[in-house]
Amino acid sequence: MVRVRVEVHLKKGVTDPEGDNVQKALKLLGFKGVRGVHSSKLFLIDLDETDGKAAKKAVEEMCRRLLASPVIHDYTIAIER
């Protein structure tokens, strides 16, 4: 079994209203040193695959078809064993 870690985040230049709202809330709570907040999604995917290259290829397809929109998202994939 292989565990794959996928982090999906907004591309540079795409507005992040969730991050902006969290930053505003933190400032209202008195956290003055917060310069920015950026949201992302984390997926931990367990596969019955034993080959890291095959697992990465499968997860790339998952990202293209479901997990990330190529217009607004970038993603990183890391194989964890």
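Keep in mind that what you see is a predicted model, and the values were worked out from it rather than measured. (Residues numbered from 1 in each chain as written. Predicted model: local features only at pLDDT ≥ 70, side-chain atom pairs only at ≥ 80, totals over all residues. Heavy atoms only, no water.)

Peer 1: Run through the pattern of salt bridges, naming residues and quoting values.
Peer 2: For the coordinates displayed, the defined rule picks out five salt bridges. Residue Arg64 is joined to Glu61 by a salt bridge in which the shortest nitrogen-to-oxygen separation is 2.8 Å. Here the residue Arg64 and the residue Glu61 both occupy positions in helix H2 (residues 52-67), the gap between them amounting to three residues, near one helical turn. Overall, Arg64 belongs to the exposed group, its relative accessible area being 51%. Close ionic contact of Arg65 with Glu61 constitutes a salt bridge, the shortest N to O distance being 3.8 Å. With Arg65 and Glu61 both in helix H2, this residue pair falls four residues apart, about one helical turn. Looking at Arg65, the relative accessible area reads 68%, which means it is exposed. Here Glu61 falls in the partly exposed class, since its relative accessible area comes to 33%. Residues joined in a network through salt bridges with shared partners are Glu60, Glu61, Arg64 and Arg65. (Salt bridge = Lys/Arg side-chain N within 4 Å of Asp/Glu carboxyl O. Helix = DSSP H or I, 4+ residues; strand = E, 2+ residues; numbered from the N terminus. Buried < 20%, exposed > 50% of the residue type's maximum accessible area, 1.4 Å probe, protein only.)

Peer 1: Kindly report on the nonpolar core, identifying the contributing residues and their values.
Peer 2: In terms of nonpolar packing, the biggest core is built from 12 residues, these being Val2, Val4, Val6, Val8, Ile45, Leu47, Ala55, Val59, Cys63, Leu67, Ala68 and Ile77. Those elements that place two or more of their residues in this core are strand E1 (2-10), strand E2 (40-47) and H2. (Core = buried A, V, L, I, M, F, W, Y, C linked by side-chain atoms within 4.5 Å.)

Peer 1: Got a sec to walk through the pairing of E1? Specific residues and values, please.
Peer 2: Of the strand pairs in this sheet, E1 and E2 are connected by eight bridges, and their pairing is antiparallel. Within E2, the residue paired with Arg5 across the bridge is Leu44. (Pairing = 2+ DSSP bridges.)

Peer 1: Requested: an account of helix H1 (residues 17-28), with residues and values cited.
Peer 2: For H1, built from 12 residues, the straight-helix expectation of 16 Å at 1.5 Å per residue is met to within 8% by its first-to-last C-alpha distance of 16 Å. Looking one or two places after H1, you find Gly30, whose phi comes out positive at around 100°. (Expected span 1.5 Å × (residues − 1).)

Peer 1: Which residues make up the sheet that holds strand E3 (residues 73-80), and what are the values?
Peer 2: What the three strands build is an open sheet, ordered E2-E1-E3; its pairing is antiparallel. Both edges of this open sheet fall to E2 and E3, since each of them pairs with a single strand only. Taken over all neighbouring pairs, the strand axes of this sheet differ in orientation by 20° on average, direction set aside. Contacts between H2 and the sheet are confined to E1, E2 and E3, with E3 contributing the most and set at about 155° to the helix. (Axes fitted to C-alpha atoms, helices over the stretch in contact; angles between N-to-C directions. Contact = heavy atoms within 4.5 Å.)

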